[in-house]
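What follows is each chain in one-letter form.
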Amino acid sequence: MSKILVTGGLGFIGSHTVVELQNEGFEVVIIDNLSNTTIDVLDKITSITGKEPLFEKLDLKNQPSIQEFFKKHQDVEGVIHFAASKAVGESVEKPLMYYHNNISTLIYLLEEMRTNKVNNFIFSSSCTVYGQADQMPITESAPFKTAESPYGNTKQIGEEIIADTSKVSDLKAIALRYFNPIGAHETAKIGELPIGVPQNLIPYVTQTAAGIREQLSVFGGDYPTPDGTAIRDYIHVVDLAKAHTVAMKRLLNGENNSDFEVFNIGTGKGSSVLDVIKAFENATDQKLNYKIVDRREGDITEAYADTTYAQNELKWKAELSLDDALASAWKWQKTLK
Ligand code: WQD
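Every chain is numbered on its own, with residues counted from 1 as its sequence reads. Given that this is a predicted model, residues contribute local features only at a pLDDT of at least 70 and side-chain atom pairs are listed and counted only at 80 or more, while totals for whole chains, interfaces and linings are drawn from all residues. Where side-chain values are given, they derive from all heavy atoms of the structure, hydrogens and water being excluded.

Side note on the overall build of the protein chain
Okay, so step 1: A count of helical and extended segments in the protein chain gives 11 helices and 13 strands.
Okay, so step 2: Radius of gyration (C-alpha) of the protein chain: 19 Å, near the 20 Å computed for a compact globule of 337 residues.
Okay, so step 3: The C-alpha extent of the protein chain, read off along each of the three principal axes, is 55 × 40 × 40 Å.
Okay, so step 4: Out of the 337 residues in the protein chain, the part that is buried amounts to 54%.
Okay, so step 5: A fraction of 79% describes how many contacts in the protein chain between residues 6 or more apart in sequence connect residues 24 or more apart.
Okay, so step 6: Note on areas: Shrake-Rupley, 1.4 Å probe, and residue coverage restricted to the protein chains presented here. Here the protein chain has roughly 14700 Å² of accessible surface; of this, 49% comes from carbon and sulfur atoms.
Okay, so step 7: All tallies of charge rest on Lys and Arg as positive and Asp and Glu as negative; His and the ends of each chain are not included. Charged groups are reduced to one reference atom each: NZ for lysine, CZ for arginine, CG for aspartic acid, CD for glutamic acid. Across the protein chain, 33 positive and 45 negative side-chain charges occur, with their mean positions spaced 3 Å apart. The way it works is that DSSP assigns letters per residue, a run of H or I at least four long becomes a helix, a run of E at least two long becomes a strand, and they are numbered from the N terminus. Radius of gyration here uses only the C-alpha atoms, and the compact-globule reference equals 2.2 Å multiplied by the residue count raised to the power 0.38. Summary of the burial criterion: residues with accessible area below 20% of their type's maximum are buried, those above 50% are exposed, and those between are partly exposed, where the area comes from a 1.4 Å probe applied to protein chains only. Contact definition: two residues touch when any of their heavy atoms are within 4.5 Å.

A few points about empty space enclosed by the protein
Okay, so step 1: Every definition here rests on a 1 Å grid over the protein atoms only: cavities are sets of points where a 1.4 Å probe fits but cannot get out, pockets are open sets enclosed by protein on both sides within 12 Å along at least five of seven lines, and lining residues have some atom within 4 Å of a point. Grid points are joined across faces, edges and corners, and a volume is the space filled by probe spheres set on the points. Within the structure shown, the criterion is met by two cavities of 30 Å³ or more.
Okay, so step 2: If you add up the space inside the largest cavity, you get close to 90 Å³.
Okay, so step 3: As for the largest cavity, its lining consists of G183, E192, P194, I202, P203, T206, Q207, A329, W332, Q333 and L336.
Okay, so step 4: Secondary structure elements with two or more residues in the lining of the largest cavity: α7 (201-209) and α11 (322-333).
Okay, so step 5: Top element by residues in the lining of the largest cavity is α7. It accounts for four residues.

What to know about the UniProt feature "domain: NAD(P)-binding" (unreviewed entry) in the protein chain
Okay, so step 1: UniProt positions are given in the numbering used here, feature names are shortened, and annotations may be inferred rather than shown by experiment. Mapped onto the present numbering, the UniProt feature "domain: NAD(P)-binding" (unreviewed entry) falls at residues 5-326.
Okay, so step 2: In this annotation, residues 5-326 is assigned 39% helix and 18% strand; the end-to-end C-alpha distance for the span is 30 Å.

Overview of the site of the ligand
Okay, so step 1: Throughout this document, a residue counts as near a molecule or strand when at least one of its heavy atoms sits within 4 Å of that molecule or strand. As a structural note, the neighbourhood of the ligand is formed by 19 residues, with L201, S217, R232, R296 and D299 the closest of them.
Okay, so step 2: Here a polar contact is recorded for every N or O atom pair within 3.5 Å, except that within protein the pair must consist of a potential hydrogen donor and a potential acceptor, and residues adjacent in sequence are included only if both atoms are side-chain atoms. N200 is positioned such that a nitrogen or oxygen atom in its side chain is 2.9 Å from an oxygen atom of the ligand.
Okay, so step 3: Separating a nitrogen atom of the ligand from a backbone N or O atom of S217 is a distance of 2.8 Å.
Okay, so step 4: When the ligand sits alone it has 690 Å² of accessible area, and the protein chains cover 91% of it.
Okay, so step 5: If you tally residues by element for the shell around the ligand, the top one is strand β8 (residues 216-219), at four residues.
Okay, so step 6: Residues are sorted three ways: Asp, Glu, Lys and Arg are charged, Ala, Val, Leu, Ile, Met, Phe, Trp, Tyr, Cys and Pro are nonpolar, and all the rest, Gly among them, are polar. Partitioned by chemical class, the residues of the shell around the ligand number nine nonpolar, six polar and four charged.

With respect to the packing of aromatic side chains
Okay, so step 1: Two rings belonging to Phe, Tyr or Trp (six-membered ring only in the last case) form a pair when the distance between their centres is within 6.5 Å. Interplanar angles under 30 degrees mark stacking, angles over 60 mark edge-to-face geometry, and anything in between is tilted. Summed over all chains, the structure comprises three aromatic pairs.
Okay, so step 2: Their ring planes at 85° and their centres at 5.2 Å tell us that F69 and F70 sit as a pair that is edge-to-face. Like F70, F69 is buried.
Okay, so step 3: Considering the side-chain rings of F263 and Y309, the 4.7 Å spacing of their centres and the 15° angle between planes classify their relative orientation as stacked. Taken as a pair, F263 in strand β11 (residues 260-265) and Y309 in helix α10 (residues 308-314) lie far apart in primary sequence, 46 residues in all.
Okay, so step 4: Classification of F263 by relative accessible area gives buried; the value is 0%.
Okay, so step 5: Each ring is checked for a lysine NZ or an arginine CZ that lies within 6 Å of its centre and within 35 degrees of its normal; such an atom marks a charge sitting over the ring. One Lys or Arg, R295, reaches over the ring of Y223 and ends 4.1 Å from the middle of that ring.

Considerations on the environment of V41
Okay, so step 1: Position of V41 relative to the elements: it lies in helix α2 (residues 40-49).
Okay, so step 2: A relative accessible area of 8% means that V41 is categorised as buried.
Okay, so step 3: Those residues in contact with V41 that lie beyond four places of it in its chain are L10, S15, I190 and L193.

Focus on the environment of L201
Okay, so step 1: Within the secondary structure, L201 is located in helix α7.
Okay, so step 2: The buried category is assigned to L201, whose relative accessible area is 19%.
Okay, so step 3: The spacing of L201 and A175 is 26 residues in sequence and 24 Å in space, taken between C-alpha atoms.
Okay, so step 4: Apart from the residues lying within four places of it in its own chain, the contact partners of L201 are L216, Y234, V273 and V276.

Points about the nonpolar core
Okay, so step 1: Ranked by internal contacts, the top residues of the largest apolar core, which has 35 residues, are I122, L176, I265 and W316.
Okay, so step 2: At the level of secondary structure, the elements contributing two or more residues to this core comprise β1 (3-7), α1 (12-23), β2 (27-32), α2, β6 (172-178), α8 (237-252), β11 and α10.
Okay, so step 3: The dominant element in this core, judged by the number of residues it contributes, is α8, at seven residues.
Okay, so step 4: Apart from residues no more than four positions distant in its own chain, L176 is found in contact with I122, F123, S124, S125, S126, A243, H244, A247, F263 and I265.
Okay, so step 5: Counting residues in each nonpolar core, the second largest holds 26 residues, with I31, L60, V76 and F123 among its members. Definition of nonpolar core: a set of buried residues of the types Ala, Val, Leu, Ile, Met, Phe, Trp, Tyr and Cys, connected through side-chain atoms within 4.5 Å.

Some details on the sheet that holds β6
Okay, so step 1: What the seven strands build is an open sheet, ordered β3-β2-β1-β4-β5-β6-β11; its pairing is parallel. If you trace the sheet from one side to the other, it starts and ends with β3 (54-57) and β11, each paired once. Direction aside, the axes of adjacent strands within the sheet are offset by 20° on average. Two strands make a pair as long as DSSP finds a minimum of two bridges between them. Between the N-to-C directions of two axes lies an angle of 0 to 180 degrees, each axis being a line fitted to C-alpha atoms and, for a helix, fitted only over the stretch in contact.

What follows is the structure, given as structure tokens:
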């Protein structure tokens, strides 16, 4: 079976994708610089699938090391690219770090793929490219809005770099625009490992329930939504991981309709922050301590996916529910020290 390179493959979404690739019989080699994860995730993946992925510790900002990589792994047939910085708030404070770490590395990787005639590429994109879309659910034809953050801008620029490159080379690429990935593998051996104070909702919820955080602040109760709190499309990370294996097979089998395709990867269902809190309390029988405070700068009111295109073209749809995801997140949280 084909050998796939997964950059950032020891991260949250990357590790779950490696598991699903191995379940599908792919051979996997991981590149990770360990800046936002730990090496023991490699053993955890191995303990889930019984197969140890190949691993190279390297930083994609070092282009010669990518050249060395492809000399050593000449049988790579496709690349799934997760490695990037992804904290929205941090990107506002450190724009140059984000443009260097997210854009330069993409360019170096694409250059080395072209030199080594590796033409199948899956890019980790985000619904953040839409900003506050005008219509719900959001389709792939919704326009890019001015990015709310340098992080979001790196996803917009990244897609444009890939689209332009695919027009003048043999590159075939798919960008998957994630909505809000949450949850953990059913074994609770891998999951989300936020470093420091969690920025995202679900790790903050589970850490509050675990007594690590005193109280969850709900950012805004005055949005124009049924209960006043903001709405997102929370997708189980395992469903998201499976979308990557499906997309890679599409390219390897030459089933793509064009050299650059984009797909919204969500559940198609919007949930408010209060919906999530209620669902968490029901799924885990845990009362959650929270209070409604002011809105967070840069947040949008509402975003949930129109998944028609992914269902028709990828023959993929999310199978797991919000309750499944929240229960898995809580099971994972309880394994953490
Ligand atoms: C979800 C909702 C918050 C924390 C961002 C990026 C996206 C992706 C996921 C990387 C919002 C509310 C949150 C808290 C809260 N990033 N919230 N209290 O902002 O939708 O998406 O993270 O891949 O690209 O844009 O996710 O989890 O931060 O927030 O009330 O302590 O929860 O206001 O409404 P977001 P989030």
